[in-house]
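# Summary of the model geometry
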Amino acid sequence: MTKQRLKARIIKYFLQSCGSLSIIIVLLIFLFLFKEALPFISEPGIGGLFHSVWNPVSFQKEEFGLLPLITGSVLVTLLATLIAIPFGIIGAVYISEVATAKEREVLKPFIEILAGIPSVVLGFFGLIVVAPLVKDIFGLNTGLTALTGAVLLAFMAIPTIMSISEDAIKSVPIIYKEASLALGASRIETIWKVIVPAALSGIVASVMLGMGRVVGETMAVMMVTGNAPVVSFNPFTSVRTMTATIAAEMGEVTFGSSHYASLFWVGIVLMLMTFVLNLVSYRVLKKYGMIDK
Amino acid sequence: MVDIQTGNKIKIRVGNMNFFYGPVQALFDINMDIAERKVTALIGPSGCGKSTFLRTLNRMNDIIDGTRLEGKVLIDGSDLYSPMTDVVGLRKKVGMIFQKSNPFPKSIFDNIAYGPRIHGVKDKKDLIEIVENCLIKSALWDEVKDRLDTSAMGLSGGQQQRLCIARALAINPDVVLMDEPASALDPKSTLKIEDLISDLKKDYTIIIVTHNMQQAGRVSDYTAFFYEGRLIEFDETEKIFTKPNQKQTEDYITGRFG
Amino acid sequence: MNKKRTGEKIIYWLMRGVTYSVVLFIAYILLDILIHGLPAISWNFLTGFPEKSGAEGGILPAILGTLYLVIGTIVVALPLGMFSAVYLTEYSKQNRFAQSIRMAIVTLAGIPSIVFGLFGLGLFVITLNFGSSILAGSLTLACMILPTIIVASEEALKSVPKYMREGSLALGATKWETIYKNVLPYALPGMLTGAILGIGRAAGETAPILLTAAAFFLPDLPTSVFDQVMALPYHLYILATQHPEAQKILPMQYGTALVLLLLVIGLNMAAIILRIRVRKKYKW
């Protein structure tokens, strides 16, 4: 009997430690980002991060201003979100309210496939097909622009926005719909004036989750945005995002150098941005019972 | 332990029992002696605590977070809720039949062999014997003997419930708890279950929750009436149904509320 | 009235158009890569080593490298994720500890893959001194896909009805016996769905292995978990952006892209099909 209890206790503690692993990993991630980033504070000093020039490899003056990288990420993310929103939301409404059951069965796996395409493949496609298209359409010198990156990233955000918005729309109580229809509203009116507003917080959360995914995306942006670390809000210029900076430069830095440490600061900023986006959307979804506690 | 008045051997003694779901008290100061090899029915309107009470007898409430019990529940004189009690050993002694028949999605044979296997019966011959015996006891043998290795999910509702009874008997319990075992069945299957209960009381102490008063009257020797978490009256079934002491019991029996 | 109906029809068609344009875009990507990639694929391409820094020859080391990484990842992440889910659904109470675990899982799921790369670099490659290796890469990817596996496993466990647990406990089985014999077997297929999705994600990721495991060209296949590997996504990235004659070796790029895409989509489809079959098999 005591042996059985001991066994039960051991199993419980074992499972508990497996369960705590997620917490431990999150803590370790924070710990190691800061550990590697820390030396930067004493040399060359944390103030260096607030400059507006990113030029980490230079014989005259190394500059570690994060501003161009942040604006690069923000520009690409906002553009991508703007492109993704109509497709994502209209798609979600269409799939949940208009499409026939058969159509839905085809559409949903298709969208799931889109979510599964590796970003490097999407980046490759962007490089070979989308970039030349952007170049020709807008008459630019190069197709490697913020806009090109945004188009690709939009398609990475669409599956997230679609599937979570769809859940939000589905969770709108059917009585709303029936009440509206009973009052003589048409189906279209019911959809856009009753259902979508009722699901709005879920839809907003889905957009934020999509943005979280876009901000953190690395390969596709690195391959098609041209990698020019300049402060710009023009969609037709080349920019460089935070993610691309880390991926492109980490391979060439000397371990322990200021440049090395500065890339971890980029990681910290990136992590905090996605953390906030995810936290807020998680809270919203939880509040509306779309995630169980 | 023997009840002085009736001469019955007492199987389960419940003393000053209070039960809580978190901050909500569900049972109030229950005192009850349950006789061995008799059928005791628990009746009362829904939400009166009869199912909760039943589930305290094999500590099934333990699975629910935040439940707490005060007082004593003795089975054969040993305290069920003492910290030293082996809950698993206890559940082996107390079988349970649920309201919704719940065969596992396994074959008929594997359903019944599940308990014995857990408790260490490995020999195939022994298992076959147990399965056959239990199916005979639960009056299901003739209907399923040719298809023991087909899925239990293919049985009818009444057969499924009898299978669950066979499954409970397979662990060789002393006590069988039944939580509205026939509430989801048609009248014919219900009758079969009731016959079965009368047969089983030769060997087992049976406690049955039911919302059907005719059923309580038909199958039980003793009846306990619960209302709002309290045990209002507990006596021989005949007495409860003919001249109850309490006004509330009478009102409920005669259908004036509930 | 009739005018209103026509208007409505137009709106429906607009919505349909928007939705299907996404589908069209996906189909275009898939077809483009299929059409240009297929001619590049040959026996030699799949089983040969790269020559002239990837301009000719095959991609075998990259395929094997990805395979090694994925196997390492799943070996680590699957058991941990499954046990973690068992703890959350079967053991944990609704308390702060369980809530912090859930919060951590949500946080993990949202962390950008490149940040996982930084973390893996700091912890596995440098601090634990595994170097850039299969081990470091697999562990990094395992951390990344852990949330996917936990969430899918939890869902699978929750889909097993409560009465399966009660029925077993009432027969005197211990909690663990109940979980092991009467819950896990029915949750396993659903858990595997999550695992396959996780594998698909790990196989396609580039950013984390860029910092922890991948090399562009290695003359030999890896012989231990402490060796660097080539990997399909990284190979494609280098061929497409870093190669001096990137334009000339398009077929090699398309071929690599197609192999990677088939691998990842194949895994995703397998997960989808498995999920549908599971739902049909156990209708509780």
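Residues numbered from 1 in each chain as written. Chains lettered and ligands numbered in written order. Predicted model: local features only at pLDDT ≥ 70, side-chain atom pairs only at ≥ 80, totals over all residues. Heavy atoms only, no water.

Here we come to the overall build of chain B. Looking only at helices and strands, chain B features 10 helices and 10 strands. The C-alpha atoms of chain B give 18 Å as radius of gyration, which agrees with the globular expectation for 258 residues (18 Å, within 12%). Reported as C-alpha extents along the three principal axes, the dimensions of chain B are approximately 55 × 45 × 35 Å. When burial is assessed residue by residue, chain B has 53% of its 258 residues classed as buried. If you take every contact in chain B between residues at least 6 apart in sequence, the share linking residues at least 24 apart comes to 66%. When the accessible area of chain B is evaluated, it comes to approximately 11,400 Å², of which 48% is carbon and sulfur surface. Computed over 34 positive and 35 negative side-chain charges, the inter-centroid distance for chain B is 2 Å. (Helix = DSSP H or I, 4+ residues; strand = E, 2+ residues; numbered from the N terminus. Rg over C-alpha atoms; globule rule 2.2 N^0.38 Å. Buried < 20%, exposed > 50% of the residue type's maximum accessible area, 1.4 Å probe, protein only. Contact = heavy atoms within 4.5 Å. Areas by Shrake-Rupley, 256 points an atom, 1.4 Å probe, with all protein chains shown as cover. Lys, Arg positive; Asp, Glu negative; His and termini not counted. Charge placed at Lys NZ, Arg CZ, Asp CG, Glu CD.)

I29(A), M250(A) and Y237(C) are the most contacted members of the largest nonpolar core, which totals 188 residues. Element by element, the count of residues in this core is highest for helix 6 (residues 146–170) of chain A, at 14 residues. Excluding residues within four positions of it along the chain, M250(A) makes contact with T245(A), Y260(A), L263(A), F264(A), L118(C), L121(C) and L211(C). Within the second largest apolar cluster, 43 residues are counted, among which are A170(B), L185(B), L200(B) and I206(B). (Core = buried A, V, L, I, M, F, W, Y, C linked by side-chain atoms within 4.5 Å.)

Residue and element names in this part refer to chain B. Taken as a whole, this structure holds 26 salt bridges over all chains when the rule is applied. For D174, the salt bridge identified is with K11, shortest N-O distance 3.1 Å. Within this pair, whereas D174 is found in the loop between helix 6 (157–169) and strand 7 (175–179), its partner K11 is found in strand 1 (residues 10–21), the two being separated by 163 residues in sequence. The exposure class assigned to D174 is partly exposed, which follows from its relative accessible area of 27%. Where K72 meets D79, a salt bridge forms, and the shortest distance between an N and an O atom there is 4.0 Å. Each of K9, K11, E36, D76, K93 and D174 takes part in salt bridges that share partners, so that together they form one network. (Salt bridge = Lys/Arg side-chain N within 4 Å of Asp/Glu carboxyl O.)

With that settled, the discussion passes to the packing of helix 12 (residues 258–287) of chain A against helix 5 (residues 113–127) of chain C. For the pair helix 12 of chain A and helix 5 of chain C, the least separation of the axes is 9 Å and the interaxial angle reads 135°. Relative to helix 5 of chain C, helix 12 of chain A is oriented oblique. When the axes of helix 12 of chain A and helix 5 of chain C are compared, the crossing they make is left-handed. Contacts between helix 12 of chain A and helix 5 of chain C involve Y260(A), L263(A), F264(A), G267(A), L270(A) and M271(A) on the former and, on the latter, I114(C), V115(C), L118(C), L121(C) and I126(C). When its residues are assigned to classes, the contact of helix 12 of chain A with helix 5 of chain C shows 10 nonpolar, 1 polar and no charged. (Axes fitted to C-alpha atoms, helices over the stretch in contact; angles between N-to-C directions. Parallel < 35°, antiparallel > 145°, perpendicular 65-115°, else oblique. Left-handed = near helix turned anticlockwise from the far one by under 90°. Nonpolar A, V, L, I, M, F, W, Y, C, P; charged D, E, K, R; others polar.)

With 19 residues of chain C in contact, the opposing surface of chain B contributes 26 residues. Across the chain C to chain B interface the summed buried area is about 1,800 Å²; carbon plus sulfur atoms make up 63%. The tally of links from chain C across to chain B stands at 1 salt bridge. R55(B) is the partner of E166(C) in a salt bridge, and the nearest nitrogen-oxygen pair spans 2.9 Å. Taken together, the links from chain C to chain B amount to 6 residue pairs in polar contact (both at pLDDT 80 or more). Within the residue set of the side of chain C that touches chain B, elements represented by two or more residues are helix 7 (162–170) and helix 8 (175–204) of chain C. Top element by residues in the side of chain C that touches chain B is helix 7 of chain C. It accounts for 7 residues. Of the residues that constitute the side of chain C that touches chain B, the class distribution is 8 nonpolar, 7 polar and 4 charged. (Buried area = accessible area lost by both parts, 1.4 Å probe. Polar contact = N/O pair within 3.5 Å; in protein donor to acceptor, adjacent residues only side chain to side chain.)

This paragraph deals with the domain arrangement of chain A. Residue and element names in this part refer to chain A. Domain parsing of chain A yields domain 1 (3–37) and domain 2 (54–287). Computed from C-alpha atoms alone, the centre-to-centre distance between domain 1 and domain 2 is 32 Å. Of the residues lining the interface, 7 residues belong to domain 1; the matching set on domain 2 comes to 8 residues. Approximately 740 Å² of surface area, both sides summed, lies buried where domain 1 meets domain 2, with 83% of it carried by carbon and sulfur atoms. (Domains from an automatic or database assignment.)

Facing 77 residues of chain A, the contacting portion of chain C comprises 78 residues. Interface area for chain A against chain C, summed over the two sides, is near 7,100 Å², with a carbon-plus-sulfur share of 81%. Sorting the residues of chain A by area buried against chain C places L15(A), F124(A) and F125(A) first, and these three jointly supply 9% of that buried surface. For the interface between chain A and chain C, the tally reads 1 salt bridge. A salt bridge links E112(A) to R275(C); its shortest N-O distance comes to 3.1 Å. Applying the counting rule to chain A against chain C returns 7 residue pairs in polar contact (both at pLDDT 80 or more).

Before going further, it helps to examine the environment of G7(B). Structurally, G7(B) can be placed in the segment before strand 1. Along the sequence, G7(B) and A35(B) sit 28 residues apart, while their C-alpha atoms lie 9.5 Å from each other.

Another aspect to go through is the pairing of strand 9 (residues 222–227) of chain B. Most of strand 9 of chain B is tucked away, with 5 of its 6 residues classed as buried. The loop that links strand 9 of chain B with its antiparallel partner strand 10 (residues 230–236) of chain B comprises 2 residues; one of these, E228(B), has a positive phi angle of about 50°. (Pairing = 2+ DSSP bridges.)

Residues L38(A), I41(A), I46(A) and F50(A) make up a contiguous nonpolar surface patch of about 410 Å² in total accessible area. Relative to the elements of secondary structure, I46(A) occurs in the loop between helix 2 (39–45) and strand 1 (54–55). (Patch = residues over 30% accessible without salt bridge, like charges linked within 9 Å, V, L, I, M, F, W, Y side chains within 5 Å.)

Before going further, it helps to spend a moment on the pairing of strand 6 (residues 94–97) of chain B. Across a regular strand the side chains alternate sides, sitting on one face of the sheet and then on the other. All names here are of chain B. Side chains V94 and M96 project from strand 6 onto one buried face, and the interleaved G95 and I97 project onto a second face that is buried too. Bridge analysis of strand 6 against strand 7 gives 4 bridges, and the strand direction is parallel. Its bridge partner lying in strand 7, G95 is registered against V176.

The element helix 3 (residues 108–118) of chain B is largely enclosed, with a buried count of 9 among its 11 residues. Contacts made by the buried residues of helix 3 of chain B are with helix 4 (124–137), helix 5 (141–144) and helix 6 of chain B together with helix 7 and helix 8 of chain C. One or two positions beyond helix 3 of chain B, positive phi appears at G120(B), with a value near 100°.

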